[in-house]
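# Remarks on the overall topology
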Amino acid sequence: MSQQTRRIVLAARPSGAPKPTDFRLDIADLPALKDGEFMVEVIWLTLDPYMRGRMDDAKSYAQPVPIGGVMEGQGVGRVLASNTSKYNEGDYVLGGFGWQSHAVSDGTATRKLDPKDAPLSTAVGVMGMPGLTAFVGLNDHGRPQKGETLVVSAASGAVGSLVGQLGKIYGLRVVGVAGGAEKCRYVVDELGFDACIDHRAGDAKSLSAEIGQACPDGIDIYFENVGGKTLEAVIAHMNVASRIPVCGMIAWYSGAGEPEGAMVKKLWRTILVNRIAVRGFIIFDHYDRLPDFTKEVGGYLRDGKIKYRESIAQGLENAPDAFMKLLEGGNFGKQLVQIAPDPTRD
Ligand SMILES: NC(=O)c1ccc[n+]([C@@H]2O[C@H](COP(=O)([O-])OP(=O)(O)OC[C@H]3O[C@@H](n4cnc5c(N)ncnc54)[C@H](OP(=O)(O)O)[C@@H]3O)[C@@H](O)[C@H]2O)c1
């Protein structure tokens with residue numbers, strides 16, 4: 001009998017914020033293994049904001065998920081059967097297995113994991129794509145110099161939390177922007193940022209005033225994760241020759257709050273007058289930096305110099321709800337879905 005997989009497919013393209021009926025849970029037979037293929041049981045599925053873009057049929061840097069297609073995503077799985085010398089039964093593997101319980105892979109873009117190196121779930125978090133994004137965005141596009149001021153939005157999240165901690169290690173003043181008092185407390189007390197401002201507590205004007213107070217020497221690097229009101233509040237404080245690595249704009253992913261003309265004009269003028277280097281980047285272009293990242297950040301992790309936090313939803317059926325919440329700040333740290341037990345974890 002062939003192996004079945006439980007999977008979440010895209011049922012409809014969302015208009016605005018995704019809703020439960022945009023997803024469907026179904027069961028399908030997996031194909032028989034061909035030469036060079038292997039089959040995994042997925043343990044950890046990562047949910048990432050970019051997945052919202054895959055639900056739209058719009059021109060982007062990647063193809064959309066087709067209607068009826070399995071939602072795209074990376075995961076950590078355990079090999080149950082193998083027709084390739086690359087992996088043995090029982091190996092742990094990172095790959096783009098999608099939102100499903102089991103998957104067949106030909107090994108493209110997969111990597112064997114050793115649970116002795118780091119907890120398996122970190123392969124999709126602090127030691128995976130979000131961690132690499134923080135490392136490349138800050139170092140290569142932010143070009144940090146000791147003593148400078150760094151502001152990072154979505155500061156308690158997967159990317160932002162590492163950006164700020166690296167900033168502190170590199171000797172910067174680091175100010176986070178996060179949603180709510182609890183996240184702000186965590187960012188300062190646990191992660192060691194110098195300050196954190198709650199973007200949900202006021203409007204763009206009061207947010208800007210608070211950012212100004214927290215950054216008395218202006219801002220040299222704004223690590224942009226969100227757009228929206230936070231961007232508007234930050235730009236007034238950018239220094240001459242400052243840098244903005246544009247990593248994400250989650251406030252606008254579901255089409256809400258389109259920027260008004262006045263904001264675009266203010267933004268453009270600030271970039272011109274202050275000669276700001278604004279650099280958009282997509283992490284897929286930067287996997288050549290993986291060895292440097294793994295060496296440096298892996299070392300910090302082992303030495304206890306950086307911390308990370310996970311938000312874990314239990315069960316594949318809860319993935320859509322966790323994803324919808326992620327887009328609105330319902331996560332606190334890296335959002336994961338645990339689909340099967342992790343034998344390497346207590
Ligand atoms: N360029 C790339 O290759 C690349 C790679 C990975 C990630 N990214 C981007 O990096 C950003 C962070 O990703 P992540 O995986 O680390 O997610 P995350 O920060 O763990 O989670 C997303 C966070 O965004 C914040 N948020 C949601 N709506 C917001 C709004 N309207 N205004 C301000 N903040 C809002 C929420 O935090 P609060 O509760 O604190 O508001 C939420 O927890 C996203 O924009 C993502 O698309 C880009």
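Residues numbered from 1 in each chain as written. Predicted model: local features only at pLDDT ≥ 70, side-chain atom pairs only at ≥ 80, totals over all residues. Heavy atoms only, no water.

### Re helix H3 (residues 158-169)
With twelve residues, H3 extends 17 Å from end C-alpha to end C-alpha; this agrees with the ideal 16 Å at 1.5 Å per step. When you tally the buried positions in H3, you get nine out of twelve residues, the bulk of the element. For H3, the full list of buried residues reads Val159, Gly160, Ser161, Leu162, Val163, Gly164, Gln165, Leu166 and Gly167. Positioned one or two residues after H3, Gly171 has a phi angle of 85°, which is positive. (Helix = DSSP H or I, 4+ residues; strand = E, 2+ residues; numbered from the N terminus. Expected span 1.5 Å × (residues − 1). Buried < 20%, exposed > 50% of the residue type's maximum accessible area, 1.4 Å probe, protein only.)

### A few points about the domain arrangement of the chain
The domain boundaries assigned to the chain delineate domain 1 (4-125 + 308-338) and domain 2 (129-283). The C-alpha-based centres of domain 1 and domain 2 are spaced at 29 Å. Contacts between the two partners involve 22 residues from domain 1, matched on the other side by 13 residues from domain 2. Both sides together, the interface formed by domain 1 and domain 2 hides about 1400 Å², and carbon and sulfur atoms give 61% of it. Connecting domain 1 to domain 2 are zero salt bridges. Inspection of the region where domain 1 meets domain 2 yields five residue pairs in polar contact (both at pLDDT 80 or more). Partitioning the side of domain 1 that touches domain 2 into residue classes produces eleven nonpolar, six polar and five charged. (Domains from an automatic or database assignment. Contact = heavy atoms within 4.5 Å. Buried area = accessible area lost by both parts, 1.4 Å probe. Salt bridge = Lys/Arg side-chain N within 4 Å of Asp/Glu carboxyl O. Polar contact = N/O pair within 3.5 Å; in protein donor to acceptor, adjacent residues only side chain to side chain. Nonpolar A, V, L, I, M, F, W, Y, C, P; charged D, E, K, R; others polar.)

### Observations concerning the pattern of salt bridges
Per the stated rule, a full pass over the model turns up 16 salt bridges. Of the charged contacts, one joins Asp56 and Arg52 as a salt bridge, the two residues approaching to 2.9 Å between their closest N and O atoms. Put simply, Asp91 and Lys112 hold a salt bridge, and the shortest N to O gap is 3.5 Å. Of the two residues, Asp91 is situated in the loop between strand S4 (75-82) and strand S5 (92-95) and Lys112 in strand S7 (residues 111-113); the sequence distance between them amounts to 21 residues. According to the relative accessible area criterion, Lys112 is partly exposed, its value standing at 48%.

### So, the site of the ligand
Around the ligand, the structure places 28 residues, and the nearest of them are Gly179, Lys183, His199, Tyr253 and Asn331. Here an oxygen atom of the ligand and a backbone polar atom of Ala158 are 3.0 Å apart. Here a nitrogen atom of the ligand and a backbone polar atom of Phe281 are 2.8 Å apart. About the coverage of the ligand: the protein hides 92% of its 900 Å² of free accessible area. Sorting the residues of the shell around the ligand by element identifies helix H2 (129-142) and H3 as the ones contributing at least two each. Split by residue class, the shell around the ligand holds 17 nonpolar, nine polar and two charged. (Near = heavy atom within 4 Å. Areas by Shrake-Rupley, 256 points an atom, 1.4 Å probe, with all protein chains shown as cover.)

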